[in-house]
Each structure stands twice: as C-alpha cells, then as structure tokens.
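An overview of the molecular structure
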Amino acid sequence: MNSNRINLIIGREYWTRVKSKTFLLTTFLAPIGIILIYAFLGFLMTRGSDNEKKIAIIDNAGIAQDINLQRKNLTFEIKNESLQSLIGAYEKGEYDGIIELPPLDSTQQKYEIIYHSDKTLALDESSSIESMFRREIRDFKIQAFGIDQAQLDLIDTSVDISPKTIKDKEKEISSITTTVSSILGGVVGMLLFMVILIFGSQVMRGVNEEKINRIVEVLISSVKPIELMIGKVLGIGLVGLTQFAIWGILIGVLSFIASAVFGLETSAMSEMANNEMAQEVMANEGVKTKVLQVMKELMGMNWAMMIPMYIFYFFIGYLLYASLFAAVGAAAGDDINEAQSLTTIVMLPLIAGFYIAMSAVQAPDSTAAVWGSIFPLTGPVVMPTRLPSDPPMWQIGLSMLLSLLTVIALIWIAARIYRVGILMYGKKASFKELGKWIFYKG
Amino acid sequence: MNILSLRNVVKRYSNHTAVNDVSFDVPKGKIFGMLGPNGAGKTSLIRMITSITKADQGQILIDGEPLSDYHPTQIGYLPEERGLYKKMKVGEQLLYLARLKNLSAREAKDKLDAWLTKFEITDWWEKKVGELSKGMQQKVQFIATVVHDPKLIILDEPFSGLDPINTNLIKDEIYEMNRKGTSVIFSTHRMEQVEQICEEIALINRGKMILKGNVAEIKDSFKENKFEITFDGSFPSDLSSDSYDVIHDDAHSVIIQIKDGHDSNELLRGLIDRNIHIRSYNEILPTLNEIFIKKVGESHE
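In this text the structure is predicted, and so the values were computed from the model without any measurement.

1. Details of the overall build of chain B
- Within chain B one finds nine helices and 14 strands.
- Considered along the principal axes of its C-alpha atoms, chain B spans approximately 75 × 45 × 35 Å.
- In chain B, buried positions account for 51% of the 301 residues.
- Counting contacts in chain B only where the partners sit at least 6 residues apart, residues at least 24 apart contribute 67% of the total.
- Here chain B displays about 14,300 Å² of accessible surface, and carbon together with sulfur accounts for 46% of that area.

2. Focus: the environment of B:Gln74
Residues and elements named next belong to chain B.
- Inspection of the secondary structure puts Gln74 in the loop between β5 (65–66) and β6 (75–78).
- As for Gln74 and Pro158, which are separated by 84 residues in sequence, their C-alpha atoms are 19 Å apart.
- Discounting residues that sit within four places of it in the chain, Gln74 has contacts with Pro150, Lys151 and Leu152.

3. Digging into the packing of helix α13 (residues 367–374) of chain A against helix α15 (residues 393–421) of chain A
All names here are of chain A.
- For the pair α13 and α15, the least separation of the axes is 8 Å and the interaxial angle reads 40 degrees. The orientation of α13 with respect to α15, classified from their angle, is oblique. Residues Val370, Ser373 and Ile374 of α13 form the contact with α15, whose participating residues are Trp394, Gln395, Leu398, Ser399 and Leu402.
- By residue class, the composition of the contact of α13 with α15 is five nonpolar, three polar and no charged.

4. Quick look at the pattern of salt bridges
Residues and elements named next belong to chain B.
- Following the criterion strictly, the structure yields 29 salt bridges over all chains and no others.
- Where Lys89 meets Glu126, a salt bridge forms, and the shortest distance between an N and an O atom there is 3.2 Å. Of this pair, Lys89 sits in the loop between β6 and α2 (90–100) while Glu126 sits in the loop between α3 (105–118) and α4 (134–146), placing them 37 residues apart in sequence.
- Residue Lys89 is classed as partly exposed on the basis of its relative accessible area of 29%.
- When the shortest N-O distance is used, the salt bridge between Lys219 and Glu195 registers 2.5 Å.

5. Remarks on the sheet that holds strand β10 (residues 208–214) of chain B
Residues and elements named next belong to chain B.
- Pairing in this open sheet of six strands is mixed, and the strands run β6-β7-β8-β3-β9-β10 from one edge to the other. The open sheet is flanked by β6 and β10, the only strands paired with a single partner. For this sheet the average axis-to-axis angle between neighbouring strands, irrespective of direction, equals 15 degrees.
- Note that β6 and strand β7 (residues 152–156) share four bridges and pair parallel.

6. Description of the pairing of strand β2 (residues 16–27) of chain B
All names here are of chain B.
- Here strand β1 (residues 2–13) pairs with β2 via eight bridges, running antiparallel. Its bridge partner lying in β2, Val9 is registered against Val22.
- As consecutive antiparallel partners, β1 and β2 are separated by two residues.

7. Section: the sheet that holds strand β4 (residues 57–62) of chain B
Residue and element names in this part refer to chain B.
- Spatial ordering of the open sheet is given by β2-β1-β4-β5, a layout of four strands whose pairing is antiparallel. In this open sheet, the two strands that pair with only one neighbour each are β2 and β5.
- Pairing geometry for β1 and β4, over five bridges, is antiparallel. The residue of β4 that forms the bridge with Leu4 is Ile62.
- Running over the sheet, helix α1 (residues 42–49) touches β1, β2 and β4 and is turned about 120 degrees from β1.

8. Describing the interface of chain A and chain B
- Taken together, the contact between chain A and chain B spans 25 residues of the former and 30 residues of the latter.
- When the two sides are added together, the surface that chain A and chain B hide from each other amounts to roughly 2,600 Å², 55% of it contributed by carbon and sulfur.
- Interface area lost by chain A to chain B is led by A:Leu8, A:Arg12 and A:Glu217, which between them contribute 21%.
- Inspection of the chain A/chain B interface yields three salt bridges.
- Across the pair B:Asp69 and A:Lys224 runs a salt bridge whose closest N-O atoms are separated by 3.3 Å.
- Where chain A packs against chain B, one counts seven residue pairs in polar contact (both at pLDDT 80 or more).
- Looking at the side of chain A that touches chain B, the elements that each hand over two or more residues are α1 (3–18), α6 (177–213) and α7 (215–219) of chain A.
- Sorting elements by how many residues they give to the side of chain A that touches chain B places α1(A) first, with six residues.
- Across the side of chain A that touches chain B, the residue classes break down as ten nonpolar, five polar and ten charged.

9. Details of empty space enclosed by the protein
- With the rule as written, the count across this model stands at three cavities of 30 Å³ or more.
- Quantified by volume, the largest cavity comes out at close to 60 Å³.
- Considering the residues around the largest cavity, the lining is formed by A:Val218, A:Ser221, A:Ser222, B:Tyr77, B:Leu97, B:Lys101, B:Ala144 and B:Thr145.
- Class assignment of the residues belonging to the lining of the largest cavity gives a composition of four nonpolar, three polar and one charged.

10. Overview of the environment of A:Ile413
Residue and element names in this part refer to chain A.
- Mapped onto the secondary structure, Ile413 falls in helix α15.
- For Ile413, a relative accessible area of 27% corresponds to the partly exposed category.
- Along the sequence, Ile413 and Ser323 sit 90 residues apart, while their C-alpha atoms lie 8.9 Å from each other.

11. Side note on a nonpolar patch on the surface
Residue and element names in this part refer to chain A.
- A cluster of nonpolar side chains, contributed by Leu24, Leu25, Phe28, Leu29, Ile32 and Leu36, occupies part of the molecular surface with about 530 Å² of accessible area.
- Secondary-structure assignment places Ile32 in helix α2 (residues 21–46).
- A relative accessible area of 33% means that Ile32 is categorised as partly exposed.

12. Let's talk about α1(B)
Residue and element names in this part refer to chain B.
- Most of α1 is tucked away, with seven of its eight residues classed as buried.
- Turning to α1, its buried residues are Lys42, Ser44, Leu45, Ile46, Arg47, Met48 and Ile49.
- Two residues or fewer past α1, Ser51 is found with a positive phi of approximately 65 degrees.

13. Considering the domain arrangement of chain B
- Splitting chain B by domain gives domain 1 (2–220) and domain 2 (224–284).
- Distance from the C-alpha centre of domain 1 of chain B to the C-alpha centre of domain 2 of chain B: 44 Å.

14. Details of the side chain of A:Lys232
Residue and element names in this part refer to chain A.
- Tracing the sequence through the fold places Lys232 in helix α8 (residues 225–262).
- Residue classification places Lys232 among the buried residues on the basis of a relative accessible area of 1%.
- In contact with Lys232, not counting residues within four places along its chain, are Ile9, Glu13, Arg17, Val203, Gly206, Val207 and Glu210.

15. Things to note about α6(A)
- With 37 residues, α6(A) should cover 54 Å at 1.5 Å per step; its first-to-last C-alpha distance of 53 Å lies within 8% of that length.
- Immediately downstream of α6(A), the backbone of A:Arg214 shows phi near 70 degrees, a positive value.

16. Description of the nonpolar core
- Judged by nonpolar contacts, the single largest core of 153 residues is most densely connected at B:Leu4, B:Leu6, B:Phe24, B:Leu45, B:Tyr96 and B:Phe142.
- If one sorts the elements of this core by residue count, helix α11 (residues 303–331) of chain A sits on top with 18 residues.
- Excluding residues that lie within four positions of it along the chain, B:Leu45 makes contacts with B:Leu6, B:Val19, B:Val22, B:Phe24, B:Met34 and B:Ile204.
- With 16 residues, the next largest nonpolar core counts A:Ile55, A:Ile57, A:Phe76 and A:Leu101 among its residues.

17. Here's the deal with the environment of B:Lys28
All names here are of chain B.
- Along the chain, Lys28 falls in the loop between β2 and β3 (31–35).
- Relative accessible area serves as the criterion here: at 39%, Lys28 is assigned to the partly exposed category.
- For the pair Lys28 and Leu6, spaced 22 residues apart in sequence, the C-alpha to C-alpha distance is 14 Å.

Parameters and conventions
- Residues numbered from 1 in each chain as written.
- Chains lettered and ligands numbered in written order.
- Predicted model: local features only at pLDDT ≥ 70, side-chain atom pairs only at ≥ 80, totals over all residues.
- Heavy atoms only, no water.
- Helix = DSSP H or I, 4+ residues; strand = E, 2+ residues; numbered from the N terminus.
- Buried < 20%, exposed > 50% of the residue type's maximum accessible area, 1.4 Å probe, protein only.
- Contact = heavy atoms within 4.5 Å.
- Areas by Shrake-Rupley, 256 points an atom, 1.4 Å probe, with all protein chains shown as cover.
- Axes fitted to C-alpha atoms, helices over the stretch in contact; angles between N-to-C directions.
- Parallel < 35°, antiparallel > 145°, perpendicular 65-115°, else oblique.
- Nonpolar A, V, L, I, M, F, W, Y, C, P; charged D, E, K, R; others polar.
- Salt bridge = Lys/Arg side-chain N within 4 Å of Asp/Glu carboxyl O.
- Pairing = 2+ DSSP bridges.
- Buried area = accessible area lost by both parts, 1.4 Å probe.
- Polar contact = N/O pair within 3.5 Å; in protein donor to acceptor, adjacent residues only side chain to side chain.
- 1 Å grid on protein atoms, 1.4 Å probe; cavity = no way out; pocket = protein on both sides within 12 Å on 5 of 7 lines; lining within 4 Å.
- Points joined across faces, edges and corners; volume = space filled by probe spheres on them.
- Patch = residues over 30% accessible without salt bridge, like charges linked within 9 Å, V, L, I, M, F, W, Y side chains within 5 Å.
- Domains from an automatic or database assignment.
- Expected span 1.5 Å × (residues − 1).
- Core = buried A, V, L, I, M, F, W, Y, C linked by side-chain atoms within 4.5 Å.

The structure is reproduced here in structure tokens:
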C-alpha cells in the first residue's frame, strides 16, 4: 500500500465533505438550533408571567395574616369585604382576581382554594400561590398540634447506601459512583452507536456513488482498491471526529452564552419542580451537593485508562462497521435501496450491541453485558458502556484482543468483496456471489 | 521494441472465460487497434493491462518488464464507462486524479494549466463537473487520462458520445501525442474508425484472438481482386470476359472481380484499345468490418 496515495484519498474524502453545505448546515445549525430551543423554553419558563397581578384575599381560615404579601409579579391584599363587593371592585379593574380561603380544620388533608377570575393563572403563578398557602397551613397545623419545631426539623433523615469494597481497600466508592458510571457509560455507548451508524452509512453511500459514477474505474487504474477503501473509511471517520469536536465546542460555548443571557440556571428548572419553598431550599442544597459529588466522581474516574480505551473502541468499532458498509456499498447495484437485505445484515449486530449496551447501563455485569462486550461485533459499543463500572481486566483484555483480530479479518474480507464488487455493474450481488468474491484470486 | 506484450493471457470469471489464451505485441510508438464486438473481452484485457484485475494465466509485459506496482503511473486509461465526481470542481478533480498518478501538486497544476489553455477551457477550473455538458465532461476526462504524460495510453471507445468537432479535436491530440512518441491502444467495436487511425490491430471475438497484424497487410491478404472502374460512355459489350466477372454494372461504372491467374491490365488494355475514356480505376479492398464478419463466420463453422 502506498501511504502517499492513501493520504490523497483521505484528503479528498475529508475536504469535499467538510466544505460541503450539508456539513456546514448540520455542524453549525444543529447545535445552534438545539441551544435556541433550549434557551427559548427556558425563557418561557422563567418569564412565563411577566405582567403584575393584584389579587384580593378573603380569609375565612385565619391563616393569611402573617403572609408575606409581596411575591414576584404578584401582590396580595387581605380584604374583609364580601365576595360580592370584591367582584364589583374586580369589574372596575382594581383586582385581577379574588382568592377565597374556605374555613380550615386542622385534621383536613385536602384544602381547596377558590380563585375567582376570568383570566386563568399562569403555571408558575398558581404553583407559587399553592406553595405559599401550603406553608401557612403547615405552620397552622404545627401550632394546632403543639409540635416542637426543633424536633420536627430533626425528624427527616437522609439515607444513602455507602458501598465498601472487600478486596481492594484502596478503592473509594461513594453512593453515587454507580449512578455516575452508568450514566457516563450510557452516554458514551449511545454516542459510539450513533457515530458508527451515521458515518458508516456515509461510507456505504460514498462507495456506491463512486461505483454508479463509474469513476471507480479511473481511480483503481491508479490506486489499489484496498487503498481506495481505506482512504474513504479513514477520511469519513475524520469528518465524524471533526463534527463531534465542533459540536462539543459549540454546545459548550453556546450554553454558556445562553445561560448568561437568559439567566437560566438549573435551579430555575428545579424551582418549577419543587413547589414548596422549604423543600425548595433543601432540594437546592441537595442539588448543589449532588452536583459537587457528581463532579468529584467524574474527576475521580480513571480517565488516564478510559480515554485511550474510548479512542481505541471508537476506532475499532468505526473501522469494523465502516469496512462492512463499504463492502455493502460495493456489492449493491445501481440502486442502493435494493441492498436492503445486505444493510440489514450489517446493522443487526450493531443494533443488538446498542440494546445490550443500554441494558448494561442498568446492569453492567449481567451475562448479556459481559458476553456482549466480549463478542467482537457488539463489543465496541457494549464495552465502553461498561468501562466506567470497572469490569474485570481479563474481560477488557479479551474484548480488545478479539475486536482487534476481528477488525483485521473483516477489513480483509471487506476489501475482497469491495475489489470485485466495485467493477460489477448492474444488479446487486447475491450472498452466494459474495462468498465467491471473497475467495476469488484475480 | 514492444511497449506491451501479452503472452497467453487467460482470464476466467465464474461462469465464462472472458479472455482465452490471447497473445499479441504492441510496438512502441504505434497506434494499435484492439477490435471486437461488444462482449468480446476487450475491457477484460484492458483491466488486466491497467492492473485493475490480474490475469489467471499468462504474462503481461510493459516495456519488456512484467507488470508491477509502478506501471499504472505510466499508463493513461480512458474507460468506456466515463465517470467523474459530479459535485467536485473541474480543477480540484483534475489535480486529485493527476496527483494519484504520482505527480507533485506543482507539476500537476502546471501541466493542467497547459492542457486547459490548449483546449481553451481555462474558465472551467472553478466549475463543477455536474454543470458541464457530456461532451465537455469527456474533454475533462481526456485531460485526466493524459496529464501525467503516460508512455502508453489506452482509450476504450474514446469517441462514443462525442460530436464531430470534439471527435476531431481529441483525434488530433491523439495523433500529436503519438508523434511525440506515446504509444496508443485504441479499443473499439467500430471498425471503420480503426482503419483510419491504426497501423496495427488485433481482432478479438469471444475472448479469442482471431486476427492480428498490420492493417494494410491484413487487408491485402483478404483482398478479392475487385476493382471499380468509372468511365465516360457505356461499357463495351464485345470485350472478352475470360479474365474477369462483372459483379456490378452501372451506367458509367463497373465493379469487376479478376479471375485467378489473370490481372486487371488485360481489361484496362481492352478498354483503352476501344478508346474508352477512363476516369478512375480503384482496387476495392475489403473493410475490416467485412474481414471481421468473414473471420467470425469461419470460426463459427
């Protein structure tokens, strides 16, 4: 093989794709689009109700006296007037609505507040009002039952499982190690699956296009078919890496800008979820400590080992499937859609690998996950998913060895099919023919 | 010296033998015709010469050496099935193809500039191939075939789909390169094209070589002693017809076939003696097409 020519081929495959409009569109517009939607949603959620509302309260329960009457965008007034006269004031436009608090009994577990108005409350307004009264009722009940506030504060206990390894005393595992590991593994497995599928099928289409164009005959009178195949596979692989690198940078930069502009923080989201003020504070504290813990966990991962492994599996997985896809593209006839049966065969183990990987997120040491990570066709997707959960070294070693051997064998087989297939014009090849091509010597 | 020699070359595909024991030599500096109907095995032969496929048996020598890795850079091949990247610009594409033939970027650019100037198409550099007409694409493809100054050019049906003007343009280029010493193999099923262009030919049918040699010699060996004579007045009826048969008789011309052991002078003398004014006198040589049909007919019997 001539590396000079392979470099030329890689260069062509890479630059024609990277300079194309489709690449620019998907690479730059997709993340901008995602960020814009994210920012827009955040904007809606935080600024959902931005007009001031003035609300009258008729307090028949006697709980509203010590309420802070000023809320974000909401002003309350406690009125000792009848509903009738307040409705008169509402019609004059003095109030946007009237809250009617029915009498409250300390044993009551369900309490309905009536809101009189023709305009409905926004989601955040109603949840703010609900949480406001929930807290008042809670205080009312604490007093009614004569409970000591200090004791009450002590009643809730947070429980965490703290795993401790028996053999390896050095290793520190915290309660959220497993969660962090499985989420990290799941994300990586998913990404690998997507990259292999998207860029593998680009290889297939590229090969088929050259065949249909008949340019392949000109090309392989200058280069060897295997050089052409490897150049194409590597060139498109680099396009994939470039795209992911740009996405990574863009998403980082844009989400930073978006959060700065729209003041969008994770706490704003959790505020929506946790209605109760007290809980909210606790949850916020909780979220903060959790985030810190997750960061600590992520930092504590064995990156020095994992990053090279991810790169290894990325290359192996991509090379393995991209060369199979190249063979399919070469074996397909002038109409690539006819090659459905061939594509299905290639995609089957890939999709199986994806499902095993997703189940490995929950149970990284299940039988399916272990064998799925060792079997070379599913391993490149399953093993990276298991990696953060520290699988035994022999499994990693076996998986790497098998997938390396398989990739070499498959590139060889794919190149043989490719070499014959690209010159066979017309209909797609049958399986019998493919078998013959592999052992065909010319 | 031969630029290309084939020795008992065999190529089998799963269900048929595409090339069956073919041997011929292409002399250096000549325009060589490889003839045969569609499916005769021409493309299979060319693919072996260009290292696209390998021969199952036999030997292929380029300039006296067995085919090896660097030979493809010395050959320029214009396939019958033309193909270029539709979405790539003409310039980029030609540079890429030239560099695959081991030219440096600089060399490739210089040579391409010269070719584009020669064809007066320098403004195509930034155009996408898909925007060009078919004839224009063929010009681009031709440049890609010859830009690396190959020793041997193989053209598979080079004129199919070209209009007469472009046909002549390409033909002139082929002649010019040939004058400068480039050997040319010209593969076609259109025999009449070969008669004008080629000195030597090989005739192939169903994977087998059926005839090879110098075009003039082949024609000579297949001649049937036919002559066409045109004259003023009418053909005299009192001529003795011992030495010839009249095959065709028009008002002012006849086609005759001289019988074995005689020659056409006897007839001419008779005409001159009768004061018939002869306008032209031509030997009718068989066309390659006729020779081909005759040979194929024989091999089928």
